[in-house]
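# Understanding the architecture of this molecule
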Number of protein chains: 2
Amino acid sequence: MSYLKEIGGRAKSAAFTLSQALTDEKNNALLSIAEALESGQDDILAANAGDLKEAEQNGMGSAMLDRLRLNGARIKEIADAVRNVAALPEPVGKTIGGETRPNGLEIVKVTVPLGVVGIIFESRPNVTVDCAALCLKSGNACILRGGKEAIRSNAALVSCMQKALEGTKIPPGCIQLVEDTSRETAAEMMRLNGYIDVLIPRGGKGLIQSVVRNATVPVIETGAGNCHVFVDESAKHDMAVNIVNNAKTQRPSVCNAVETLLIHKNCADALLPEIAGRLSESSTEIRGCEKTLAILGKVAVPACEDDYMTEFGDYIIAVKVVGGIDEAIRHIEKYSTRHSEAIVTESYENSRRFLREVDSAAVYVNASTRFTDGGVFGLGAEIGISTQKLHARGPMGLTSLLSTKYMVTGSGQIRV
Amino acid sequence: MSYLKEIGGRAKSAAFTLSQALTDEKNNALLSIAEALESGQDDILAANAGDLKEAEQNGMGSAMLDRLRLNGARIKEIADAVRNVAALPEPVGKTIGGETRPNGLEIVKVTVPLGVVGIIFESRPNVTVDCAALCLKSGNACILRGGKEAIRSNAALVSCMQKALEGTKIPPGCIQLVEDTSRETAAEMMRLNGYIDVLIPRGGKGLIQSVVRNATVPVIETGAGNCHVFVDESAKHDMAVNIVNNAKTQRPSVCNAVETLLIHKNCADALLPEIAGRLSESSTEIRGCEKTLAILGKVAVPACEDDYMTEFGDYIIAVKVVGGIDEAIRHIEKYSTRHSEAIVTESYENSRRFLREVDSAAVYVNASTRFTDGGVFGLGAEIGISTQKLHARGPMGLTSLLSTKYMVTGSGQIRV
């Protein structure tokens, strides 16, 4: 039996016990994990130091190093996030439908865990604990496969969580780490049907595309965000400037940041210089179409086709002057990854058209795209943001980690 | 551009118009289709005769020929099924959640069509119309890829439906048929990301496994049903005999028919001969474990390991005597395709354990597995029965063909 199938087998058998666990048993386990992370801080930080040392030797950039780095305060944050998950309402075993049929059969539809959730992710060690906690609360075993660069940290975190479970009613096997970070093992994990019920990739475009192309296990595609803001002719100028600036610069590295500004030709002359002025405060580079360049001059550089397809994740924004809402919607249809799009407008008709006609996970009128987030949307926690249409779309909370089951009770009914 | 991408492009552009259609526009289109199928009966039957002739020449068996055959009465049934779909409530644009956040953002979650649904299916031409109607009602364009043996019938049915749409507000392009029934085209269809939002295979195990293994488009796995009935020690004998007989013989070719009977050792001596006696009325073959053979003698033949893994789809049943509910649940866990399982019992505790611990789409107490069906469950119609846990599980009605979208309206909110 392969290394991964052994892990899968352990996860599967733990998943059954976990699926039957009571709410208090799961919450106590989560609180034990939070406690253990804090009291085991020294071991975790030592392991993290090993990862950081190797990463530095390998020339990892400072932004990436920062994502990889743990310290006392961050471990406290991670532990508190686990406590927050414990405080969320029980998602499993909820009756979400049902009826008594004419023949007396009673049909009830209830929520059940998915079973075993596989998560393939990159660098940030907090994801390890976050995903394990959300899976545990939703009654799912998890198989975590983090990046090579964080393997010591992840191993220490998982070992700490597993030990914490030993004193609880929840089997330690429900949190599994794939310590072999080779590409072959990742590829095998994507095809581990029969052991993994759903695979969630969390990371960059390359990782997500690789999982989508290669997995035979059902996948929830997350994250890629080529988001748009369309500033309509009737937009209030202050509001437009604030929203574009916030969507681009408040945190440019995240998936709900805007990448392309579309602006109505009738307000571009007046508004583009204002927007450019505000963006210059953060030294944001503007890559514009010909009309943009004609208005902004040397403040902007020329945009190429590729720029409209790119999730910059940085202080760069593509700009295109459009003839109106039809062209804006067509542009979004062509280039968007269907994550989040916003219109800034005072037109009732255009607000309504944008909401109905733009086919993305979250569509906004007069608000920043930066709000697309499980916490902000009131989901309590987030396992990722789905950009596919199947199963879950947009920010995924605990309920995205559930399936359903029909329970049917009768008194001897047969089909005639 | 490839043949399939052209089809995909047409479906995608029609899907947009269809997604914005009003309920009456969709229902009128469905009624036009029903009408056209009846008035175009001669053309359809002529095409079907061509398929039947070729199938006979190729030596197709009589059961398969019967599935392929259309006649006036069947076309009337197909048209009436379309009228029933028209009569179902509108599934699109339903608000299924929402709240006003503390910052004043109003978040509303609404149902939206998936977009373009691909369906790969075998032989029965009624599936062509059925799927097209359900997709249309749920606002989805469809790309239908039926089997080679029904290509003339399918082409005639689709052409008839498309012509019927010409006089309506719904674009004919929303029903697309893949007329090239080569394996290569099917393989390309499974990887048509960007054009197809979800792929639903309907047919035998081979077809479904091929789609699951090869598709990069999200898939809803349907149909395979290795279903079990466990007759517990406390079962009422009459009820057990009726349920086993109904689940096996009322329609053995369908996915919710039972394939393996598990029976408690303490009632096997008395009950197995009764069950065997009833099954003999339909000449059902019994393949039993050693204990079964010891009880039934020559009425049964020996079962091999493979028999417990097989969806016979025929008048054959595997039988195993088990020590009790634990062994029954373990057996189901090992061999089931997680479709439908039933327990026959008078034990409150065992009924509860079976419902909670058996991880299948539908679990039954004291009723036949044959009830797992969209119509019977009150869904109004059925596009298939999902045996996966993602997106939909069990019988899938119109709501399984939907996704959701967050619509967020504000007054200039930015994230701080």
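All values derive from a computational prediction rather than experimental measurement.

## Points about helix α10 (residues 237–249) of chain B
All names here are of chain B. Taking 1.5 Å per residue, 13 residues should reach 18 Å; α10 reaches 18 Å between its end C-alpha atoms and fits that length. Among the 13 residues of α10, 10 are classified as buried, and the element is accordingly described as predominantly covered. Among all positions in α10, only Met239, Ala240, Val241, Ile243, Val244, Asn245, Asn246, Ala247, Lys248 and Thr249 are buried.

## Details of the sheet that holds strand β3 (residues 116–121) of chain A
Residues and elements named next belong to chain A. A sheet is described by the order of its strands in space; here 4 strands give the open sequence β5-β4-β3-β6, paired in parallel fashion. Unpaired on one side and paired on the other, β5 (175–177) and β6 (198–202) mark the two borders of the sheet. Neighbour-to-neighbour, the strand axes of this sheet turn through a mean angle of 20°, independent of strand direction. As defined by bridge partners, β3 adjoins β6 across 5 bridges and the pair is classed as parallel. Bridge pairing in β6 links Ile120 to Pro201. Against the sheet, helix α8 (residues 183–190) touches β3, β4 (141–145) and β6, its axis set at about 145° to β3.

## Focus: the relation of the copies chain A and chain B
Structural alignment of chain A on chain B gives an RMSD of 0.0 Å, achieved by rotating through 180° and translating 0.0 Å along the axis. What the rotation and shift describe, once combined, is the action of a two-fold rotation axis. Ranked by how close their C-alpha atoms come to the rotation axis, the residues of chain A are headed by His391(A), at 1.8 Å.

## Structural notes on the pattern of salt bridges
All names here are of chain A. On inspection of all chains with the given rule, the structure shows 38 salt bridges over all chains. The closest approach of N and O atoms between Lys76 and Asp80, which form a salt bridge, is 2.8 Å. You can see Lys76 and its partner Asp80 sitting in helix α5 (residues 72–87), 4 residues apart, about one turn around the helix. Of the residues examined, Lys76 reaches a relative accessible area of 41% and is grouped as partly exposed. Each of Glu35, Glu38, Lys76, Asp80 and Arg83 takes part in a single network of salt bridges with overlapping partners.

## Comments concerning unusual backbone geometry
What is expected of a backbone is that most residues other than glycine have negative phi and most peptide bonds are trans. The phi torsion at Arg338(B) lies on the positive side, around 65°, for a residue other than glycine. Within the secondary structure, Arg338(B) sits in the loop between α13 (325–335) and β12 (340–344).

## Observations regarding the environment of Glu327(A)
Residues and elements named next belong to chain A. Take Glu327: it is sitting in helix α13 (residues 325–335). Separated by 63 residues in sequence, Glu327 and His264 have C-alpha atoms that sit 9.4 Å apart. Contacts of Glu327, omitting those with residues within four sequence positions, involve Lys320, Val321 and Val322.

## Notes on the packing of aromatic side chains
Residues and elements named next belong to chain A. Applying the stated criterion to the full structure yields 4 aromatic pairs over all chains. Their ring planes at 50° and their centres at 6.0 Å tell us that Tyr308 and Tyr335 sit as a pair that is tilted. In this pair, Tyr308 is assigned in the loop between β10 (300–302) and β11 (316–322) and Tyr335 in helix α13, connecting sequence segments 27 residues apart. What makes Tyr335 buried here is its relative accessible area of 11%. Here Lys12 stacks its cationic end above the ring of Tyr195, 5.8 Å away from the centre of that ring.

## Regarding the pairing of strand β8 (residues 258–264) of chain B
Residues and elements named next belong to chain B. In terms of burial, β8 is largely enclosed, as 7 of its 7 residues are buried. Pairing geometry for strand β7 (residues 227–231) and β8, over 5 bridges, is parallel. Bridge pairing in β8 links Cys227 to Val258. Remark: the β7/α10/β8 crossover connection has right-handed handedness. In the sheet, β8 pairs with strand β11 (residues 316–322) via 5 bridges, with the strands oriented parallel.

## As for the side chain of Lys389(B)
Structurally, Lys389(B) is set in the loop between β14 (384–386) and β15 (394–396). A relative accessible area of 10% places Lys389(B) in the buried class. Within polar-contact distance, the side chain of Lys389(B) engages the side chain of Asp359(B) at 2.7 Å. Beyond its immediate stretch of four places on either side in the chain, Lys389(B) contacts Pro113(A), Leu114(A), Gly115(A), Asp197(A), His391(A), Ser403(A) and Asp359(B).

## Some thoughts on the environment of Arg202(A)
Residues and elements named next belong to chain A. Tracing the backbone shows Arg202 in strand β6. Sequence separation between Arg202 and Ile385 is 183 residues, and the spatial gap between their C-alpha atoms is 9.1 Å. At 3.1 Å, the side chain of Arg202 and the backbone oxygen of Ile383 are in polar contact.

## Overview of the sheet that holds strand β13 (residues 362–367) of chain A
Spatially, β10(A)-β9(A)-β11(A)-β8(A)-β7(A)-β12(A)-β13(A)-β16(B)-β2(B)-β1(B) is the arrangement adopted by the 10 strands of the open sheet, whose pairing is mixed. In this open sheet, the two strands that pair with only one neighbour each are β10 of chain A together with β1 (95–100) of chain B. Sheet twist, expressed as the average angle between the axes of neighbouring strands with direction ignored, equals 25°. Strand direction decides the pairing type here: β13(A) and strand β16 (residues 402–413) of chain B, joined by 5 bridges, are parallel. Counterpart to Val363(A) in the pairing with β16(B) is Met407(B).

## What to know about the packing of helix α3 (residues 41–57) of chain B against helix α7 (residues 151–166) of chain B
Residues and elements named next belong to chain B. Contact geometry of α3 with α7 gives a least axis separation of 7 Å together with a crossing angle of 165°. The orientation of α3 with respect to α7, classified from their angle, is roughly antiparallel. Of the two possible hands of crossing, α3 and α7 adopt the one that is left-handed. Taken together, the residues of α7 that come into contact with α3 (itself represented by Asp43, Ile44, Ala47, Asn48, Gly50, Asp51 and Glu54) are Ile151, Arg152, Ser153, Ala156, Leu157 and Cys160.

## Let's talk about the packing of helix α2 (residues 23–39) of chain A against helix α6 (residues 126–137) of chain A
Residue and element names in this part refer to chain A. Where α2 meets α6, the closest approach of the two axes is 9 Å, and the angle between their N-to-C directions is 165°. Classified by the angle their axes make, α2 and α6 are roughly antiparallel. With respect to the hand of their crossing, α2 and α6 are arranged in right-handed fashion. Across the interface between the two elements, Lys26, Asn27, Ala29, Leu30, Ile33 and Leu37 from α2 touch Val129, Ala133, Leu136 and Lys137 from α6. Taken together, the residues of the contact of α2 with α6 break down into 7 nonpolar, 1 polar and 2 charged.

About the cut-offs
- Residue positions are given per chain, counting from 1 as you read along its sequence in written order.
- Following the order in which they are written, the chains are lettered starting with A and the ligands numbered starting with 1.
- For this predicted model, a pLDDT threshold of at least 70 governs which residues receive local features, and a threshold of 80 or more governs which side-chain atom pairs are given and counted, while totals over whole chains, interfaces and linings are taken from all residues.
- Hydrogen atoms and water are omitted, and side-chain values are computed over all heavy atoms in the structure.
- Helix numbering and strand numbering both begin at the N terminus, where a helix is a DSSP run of H or I of at least 4 residues and a strand a DSSP run of E of at least 2.
- By this rule the span expected of a helix is its residue count minus one, scaled by 1.5 Å.
- Each residue gets one of three labels from its accessible area relative to the maximum for its type: buried under 20%, exposed over 50%, partly exposed in between, using a 1.4 Å probe on protein chains only.
- Two strands qualify as a pair provided that DSSP identifies no fewer than 2 bridges between them.
- For helices, the fitted axis covers only the stretch in contact; all axes are lines through C-alpha atoms, and the angles between them, taken along N-to-C directions, range from 0 to 180 degrees.
- A contact between two residues is defined here by any heavy atoms of the two lying within 4.5 Å.
- For the least-squares superposition of copies, only C-alpha atoms count, and only for residues with pLDDT at least 70 in both.
- A carboxyl oxygen of Asp or Glu within 4 Å of a side-chain nitrogen of Lys or Arg is what we treat as a salt bridge.
- Centre distance within 6.5 Å is the pairing criterion for rings of Phe, Tyr and Trp, where only the six-membered ring of Trp is used; planes under 30 degrees apart are then read as stacked, over 60 as edge-to-face, and the remainder as tilted.
- Any Lys NZ or Arg CZ found within 6 Å of a ring centre and within 35 degrees of that ring's normal is scored as a charge over the ring.
- Think of it like this: strands point away, you trace from the first strand over the helix to the second, and a clockwise trace means the crossover is right-handed.
- Under this definition, polar contacts are N or O atom pairs within 3.5 Å; protein pairs additionally need one hydrogen-donor-capable and one acceptor-capable atom, and for neighbouring residues in sequence, both atoms have to be side-chain atoms.
- Note that the term roughly parallel is reserved for angles under 35 degrees, roughly antiparallel for angles over 145, roughly perpendicular for angles of 65 to 115, and oblique for everything else.
- Working rule for handedness: look at the near helix, and if it is turned counterclockwise from the far one by less than a right angle, call the crossing left-handed; if clockwise, right-handed.
- Note on residue categories: nonpolar means Ala, Val, Leu, Ile, Met, Phe, Trp, Tyr, Cys or Pro, charged means Asp, Glu, Lys or Arg, and polar means any other residue, Gly included.

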